[in-house]
Amino acid sequence: MFARTCSRSGFHCYGLNSYQSAIRGGHVWFQVRGSEQKVKSHGDNVDILIALNSESADIHAPFVSPGGVIIYDKDRVKFSGNLLSQKARALPMPLGQISRKFDKNPIMQNTVALGAALYLLGLDFKVFETVIGDTFGKKKESVITANIQAATSGYEYAKSNFSQLEVTAKPPSNPRPKMLMTGNQAICLGAVMAGCKFYAAYPMTPASGLLHWMAAHATRCGVVVKQAEDELAVINMGIGAAHAGVRAMVGTSGGGFSLMVEALGLAGMTETPIVIVESQRAGPSTGLPTKTEQGDLNMMLGASQGDFPRIVLSPLTVEDAYYATIEAFNLAERFQCPVILASDLLLSEHIETVDSLSKDVLIDRGEWANSTQQQPFLRYRVTETGISPRAIPGNPGTIFVAASDEHDESGVVISDVLAGIPKYVAERKKQMDKRMRKLEVARTQMPPPKVYGPQEADITIVCWGSTFGVVSEVVDTFGKTDGIRVNAIAFRNIWPFNAEKAEPLLKSAKKVLDVECNYSAQLARLIRAETGFEIKDRLLKYDGEPIYPYEVIGKIREVTSRNA
Amino acid sequence: MLELSKYKSETRPDWCPGCGDFGVLNALVQAVANLEIDPKDLLVVSGIGCSSNLPGFIHAYGFHSLHGRAIPIATGARLANPELTVVVTGGDGDGYGIGLGHFIHAMRRNLDITYIVMNNQIYGLTTGQASPTSQKSFVTKSSPMGTIEEPVNPIALALVSGATYVARGFSGDPKHLAELIEKGIKHKGFALVDVFSPCVTWNKVNTYDYFRQRVYKLNDTGYDTSDLGMALEKSREWDPKIPIGIFYETTKPTYEELDPVLRTGTPPVKASLSQSDVDGLFNEFI
């Protein structure tokens, strides 16, 4: 609600929910940063800490910045204040007591605290009222009224007892409300704008948000949404739907993707376009279900037996997740192969304001056969690009069988009684070459990695996916103030890897630092395999928490001071 | 009725001479010809195994997919285009072993597809190992001392899983089998046709003779196909006599009729790719 108040007031913001794999209880916190400028990460410190229990006060108080405050319930939270930095203030409030005026259960104490925070920041209370109305719109009118009253009391209490913070961000003179969404929502919006008509999934954090949004918008957007019995069913349903001619997408996390592996090869072999969202979480195995990681790149690149074309895109921001999804559908149909959209918990679940998303969506459905095809119809015709015109069931004159077995140009399997016969030995090679040729064509069409920041830099940070958020913030802030010039190379169209475009960028950099959220520097390994360029300096994080700006800055200082 | 030759594939079946699957292929062709289903509107989906080669041997659209995954492939295709007639074919290992989970879920969904299982109680393509429907104590390469597990009872499983058409045929009686398949395709909802389809190479116990001595038609006994309790009882009969025919048939809304998007009528494959209310959709995020 606080983030929505910021975005409706015309501020940018970025919010991250940290939670545990438990339905009730545990240490849960939600963090929001607002600014006139685009906010690119969760940041290091907080200006206002609202602690609803003693544990929260103790854990987060050291991160309250000088000039910041901690709001807490003076009756419930035991807080000595010694953990606060010198210039920070403790603001005890009767949160529970105020909230009980409106409900016997102190469930609205957070609303009271938010009311106080609005006053401290000088935000417009009227905007907050509209947000409360929309948030609880489906509940009883009395719930909305009680929340508004609770927030008002918090606001008034703060006004009578505390002084406002010195806020540097000025509200825009002509505030234009901004869109606020999670990465998962951006992916869903991109999917329906790209004409996705089928979405299947099995619930799994952090991909479940995709299923929830799709299910809620199924009728409105004309998407058949299927929660299936397992991820084996999920991806095979997706492939079946795509085979029948619709744009199909499936979503999961690493564990579910592991179950999809065999069918990934099926999509490759039968040349069926499908978009797979793989929202990574900390592994291995069940790992840390509610914590973030970028540990599945190796799997996405190597999953399933044999060689076949696949495309891997890793959106860099929430906004990019929208565009990358649209691109994924086009690439899947143009190259008739699986496209993996590599997200992660941080990208999928954090909320971010986006300035504007284009409603003009280019849809490229690839090459199609017509009904007057020469007979027999050659579904897997060998062509220069490797792309063979498609056809779907129901179409006259293009009957064929898609097979997971190796097949000839017409689709007839050559794996059984024909295997080993010289003519079919040659056919097998032709089909392999044809399929893999698509990957070579796709490779030449992959854009170069994104270069962010100044052309000339003392250090260049290499990253992929959501890690671009924190890296770009460091480039923008530290990189412009500290005397050390920093830029970044962000890999987004990861596979097929365009070494020709990446290599010169890497080789011309003075110093290179690889920043990834995994143990084994999976992107750096890929870069080395594809270009021979080895990145020795690495910031690798795999404790489940996202990378913070101060960690990147610390590493930059370390690397640039060495041999300097 | 359409001519049988309309469904003739350029590819000759590679099954062993005498394989029960020939009878199933012929019965399927007879059934779709009787129903006048245009080959372009028929999608035959299979998994892996000898019997799963069937889509290649009939002139119709086909998807020869992965071992055990024919039902989800068929489900996706059917949900994308409910105007297609979708028939799934496969074996006992494919459907009752590696793909068992999908089988149960497809039945409880009552999706309007027809599932023909060529049940030979053995793994044929992998040269003769015990299958989920192998009878107890059955000696195979993988069970030299005899199997020690109870076989899956597909008819009983289908009855308790919500299938709305449950039948069993015998490929030694292709005319009767064609009738069962035809009724299964016409039936609105999930139809299972389990078929005794002898493997002449690897199963020397459950042979044509074995079944000829045992099978009898439920229809000849004044049997009531709407009685679920009786159907369950009949599903447990094996020796000395084994019933074939329709065990159970009932009418329930299909998945397609209940799905909030499909029930609006336009098959997703024919729907416009663009959104009708883009501004409304974007404004939800403000």
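Since this is a predicted model, take the numbers as computed values, not measurements. (Residues numbered from 1 in each chain as written. Chains lettered and ligands numbered in written order. Predicted model: local features only at pLDDT ≥ 70, side-chain atom pairs only at ≥ 80, totals over all residues. Heavy atoms only, no water.)

## What about the overall build of chain B?
Across its full length, chain B carries 10 helices and 10 strands. Over its C-alpha atoms chain B spans a radius of gyration of 20 Å, differing by no more than 12% from the 19 Å that the globule rule assigns to 286 residues. Along the first, second and third principal axes, the C-alpha atoms of chain B reach 70 × 45 × 40 Å. For chain B, buried positions account for 58% of its 286 residues. Across chain B, contacts joining residues at least 24 apart in sequence account for 71% of those joining residues at least 6 apart. Element-wise, carbon and sulfur atoms account for 53% of the exposed surface of chain B, whose accessible area totals about 11,400 Å². With 25 positive and 31 negative side-chain charges, chain B shows a spacing of 5 Å between the two charge centroids. (Helix = DSSP H or I, 4+ residues; strand = E, 2+ residues; numbered from the N terminus. Rg over C-alpha atoms; globule rule 2.2 N^0.38 Å. Buried < 20%, exposed > 50% of the residue type's maximum accessible area, 1.4 Å probe, protein only. Contact = heavy atoms within 4.5 Å. Areas by Shrake-Rupley, 256 points an atom, 1.4 Å probe, with all protein chains shown as cover. Lys, Arg positive; Asp, Glu negative; His and termini not counted. Charge placed at Lys NZ, Arg CZ, Asp CG, Glu CD.)

## Focus on the interface of chain B and chain A
Counting residues at the interface gives 52 residues for chain B, matched by 70 residues for chain A. Between chain B and chain A, roughly 4,900 Å² of surface is buried when both sides are summed, and carbon and sulfur atoms account for 66% of that area. If you sort the residues of chain B by the area they bury against chain A, Tyr 61, Phe 282 and Phe 285 of chain B come out on top, with a joint share of 17%. On inspection of chain B and its partner chain A, the count reaches four salt bridges. (Buried area = accessible area lost by both parts, 1.4 Å probe. Salt bridge = Lys/Arg side-chain N within 4 Å of Asp/Glu carboxyl O.)

## Topic: helix α8 (residues 228–235) of chain B
Residues and elements named next belong to chain B. Buried within α8 are the following residues: Ala 231, Lys 234 and Ser 235. In a view along the axis of α8, the buried residues occupy a sector of 100°, so they form one face of it. The inward-facing, buried residues of α8 abut α5 (154–161), β9 (215–217) and β10 (242–249). Between the side-chain oxygen at the start of α8 and the backbone nitrogen of Gly 229 there is a gap of 3.1 Å, and the oxygen is on Asp 227. (Arc of directions from axis to C-beta. Polar contact = N/O pair within 3.5 Å; in protein donor to acceptor, adjacent residues only side chain to side chain.)

## Describing the domain arrangement of chain A
Residues and elements named next belong to chain A. When its domains are assigned, chain A resolves into domain 1 (2–161), domain 2 (181–354) and domain 3 (450–561). The distance between the C-alpha centroids of domain 1 and domain 3 comes to 35 Å. The partner domain 3 presents 12 residues to the eight residues of domain 1 that form the contact. Carbon and sulfur atoms make up 47% of the surface buried where domain 1 meets domain 3, a total of about 800 Å² over both sides. Of all residues in domain 1, the largest losses of buried area upon contact with domain 3 belong to Lys 40, His 42 and Asp 44, amounting jointly to 64% of the total for that side. For the pair domain 1 and domain 3, the interface holds two salt bridges. Note that Asp 476 is salt-bridged to Lys 40, the shortest N-O span being 2.6 Å. Counting across the interface, domain 1 meets domain 3 through six residue pairs in polar contact (both at pLDDT 80 or more). Grouping the amino acids of the side of domain 1 that touches domain 3 by side-chain chemistry returns two nonpolar, three polar and three charged. (Domains from an automatic or database assignment. Nonpolar A, V, L, I, M, F, W, Y, C, P; charged D, E, K, R; others polar.)

## Overview of the packing of α5 of chain B against α8 of chain B
Residues and elements named next belong to chain B. At a closest axis distance of 8 Å, the pairing of α5 and α8 adopts a crossing angle of 160°. The pairing of α5 with α8 is recorded here as roughly antiparallel in orientation. Taken as a pair, α5 and α8 cross one another with a handedness that is left-handed. The residues of α8 that touch α5, namely those facing Ile 155, Ala 156, Leu 159 and Val 160, are Leu 228, Ala 231, Leu 232 and Ser 235. For the contact of α5 with α8, the class distribution of residues is seven nonpolar, one polar and no charged. (Axes fitted to C-alpha atoms, helices over the stretch in contact; angles between N-to-C directions. Parallel < 35°, antiparallel > 145°, perpendicular 65-115°, else oblique. Left-handed = near helix turned anticlockwise from the far one by under 90°.)

## As for the sheet that holds strand β5 (residues 89–93) of chain A
Residue and element names in this part refer to chain A. Here we have three strands laid out as an open sheet, ordered β3-β4-β5, and parallel in their pairing. The open sheet is flanked by β3 (46–51) and β5, the only strands paired with a single partner. Sheet twist, expressed as the average angle between the axes of neighbouring strands with direction ignored, equals 15°. Examined bridge by bridge, β3 and strand β4 (residues 64–73) share five bridges and lie parallel to one another. Opposite Ile 50, over in β4, you have Ile 71 as the bridge partner. (Pairing = 2+ DSSP bridges.)

## Observations regarding the pairing of strand β2 (residues 61–64) of chain B
Neither face of β2 of chain B is left uncovered, since the one carrying Tyr 61 and Phe 63 of chain B and the one carrying Gly 62 and His 64 of chain B both have all their residues buried. Pairing analysis gives three bridges linking strand β14 (residues 401–403) of chain A to β2 of chain B, with the strands arranged parallel. Paired with Ala 402 of chain A across the bridge in β2 of chain B is Phe 63 of chain B. Inspection of the sheet shows strand β1 (residues 42–46) of chain B paired to β2 of chain B by four bridges, in the parallel sense.

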